[in-house]
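Residue-level structure breakdown
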Amino acid sequence: MKDSIGILAPGKGWGNFVSYISCFKTISENRNKKVILITKKFSSAKSYLSDQNFVETFIEIPDNTRGIINKIKSVIYIYKELKKMNLNEIFIFHSSPLYVIISYLAKINKIYAPGIKYQNFFLKKKFKYYDSYKSKLIDPVEESKELIKKILNIKHVPFKILKYDEKIDQKKIAICVACSGYERQWGSENYVKLIKYLASLNYQKFLILSGKDQSEIENEIIEKSDKKLEFIKTSMKKIDEVIVDLKNCKLLIGNDTGFTHLAIAYGKKSFVILGDCPPHTYSDFIIPIDKDENLPRTSNSIKSTSYEKVISVFNKHENQS
């Protein structure tokens, strides 16, 4: 595998991981070869990338690295996997100097990483983006694009849509109620009103994207909505079971979470209701619905976003379609 390219992307969440997919595809296309993708199991990368043509193989590293014992086990596992692959070069999309050190121990010749803070000391100048450990940090996705532009000697890292064959159902919308925390939950009552409005526009099918923690919200939305509408529940399904339905949705409206970023990766116009996090800018398919400018960004910011504001943004952008 000496000619293979490794991409180590542990990520902070699977939505975060999905936002880097265009970077992975750009590397593969520029080098004209498939990549070995090394990531944590929680990213569920196989579920939505196994049918793509730019990944050679998937390596899943341990999710749980809390505690000294788990940390040591994780380091040993990553080292063994990298050593086994006999890579010539690796792109590291993470700030930890530990991953750089492990790559050196695995005798990888070319190690690329952003060079964030103390990681900066372990990288060659031509293989990092930041000049110094004191450098001012930029948005992580933009940071990764800048690194790739430098290493590949290209001017632009375009957003690249994941390929799929499913035909779009023009009357089907994905409603994302899933979230990683309470601060990103817009609320069931708002979604009930939103669905009623969308039904008045002749949308008839709704894919409720949720997790186990949102099963009650999912049920409440369906129970309070018109029985003539078609709903697809997902709270008890695995990601790969949901993807088929997500692919043929026309668009998405909802909370900022993994499913939202996956819809964007499939080229779906996505109305993202934001709260504690600032708007994402890595794709034109993102239509942010953010808090009012005069309000501070807190864990409860999303609660201040009114149903009327969401409808207003939706109508503005859908009328432009």
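Here the structure is a predicted model, which means the values were calculated and not measured.

**Comments concerning the packing of aromatic side chains**
Summed over all chains, the structure comprises 17 aromatic pairs. Note on Phe91 and Tyr112: the rings are 4.6 Å apart at their centroids and 55 degrees apart in plane angle, and the pair reads as tilted. Of this pair, Phe91 sits in strand 4 (residues 89-92) while Tyr112 sits in strand 5 (residues 110-112), and the two are 21 residues apart along the sequence. Assigned by exposure class, Phe91 and Tyr112 land together as buried. Relative to Tyr133, the ring of Phe121 has its centre 5.1 Å away and its plane inclined at 40 degrees; by these criteria the two rings are tilted. Taken together, the residues span a long stretch of sequence, with Phe121 in the loop between strand 5 and helix 6 (140-152) and Tyr133 in the loop between strand 5 and helix 6 at a distance of 12 residues. The class for Tyr133 is partly exposed, based on a relative accessible area of 33%. One aromatic cluster is present, built from ring pairs that chain together Phe17, Tyr20, Phe24 and Phe93.

**Overview of the pairing of strand 4**
On a regular strand, one side chain projects to one face of the sheet and the next to the other, so that they alternate. The two faces of strand 4 match: Glu89 and Phe91 on one face and Ile90 and Ile92 on the other face are all buried. Pairing of strand 1 (residues 5-8) with strand 4 involves four bridges; the strand directions are parallel. The residue of strand 4 that forms the bridge with Ile7 is Phe91. Here strand 4 pairs with strand 5 via three bridges, running parallel. Within strand 5, the residue paired with Phe91 across the bridge is Tyr112. Crossover connection from strand 4 via helix 5 (residues 97-105) to parallel strand 5: handedness right-handed.

Rules used in this analysis
- Residues numbered from 1 in each chain as written.
- Predicted model: local features only at pLDDT ≥ 70, side-chain atom pairs only at ≥ 80, totals over all residues.
- Heavy atoms only, no water.
- Phe/Tyr/Trp six-rings, centres within 6.5 Å; stacked < 30°, edge-to-face > 60°.
- Helix = DSSP H or I, 4+ residues; strand = E, 2+ residues; numbered from the N terminus.
- Buried < 20%, exposed > 50% of the residue type's maximum accessible area, 1.4 Å probe, protein only.
- Pairing = 2+ DSSP bridges.
- Right-handed = clockwise from strand over helix to strand, strands pointing away.

Fair warning: the whole summary comes from geometry, so function is off the table for now.
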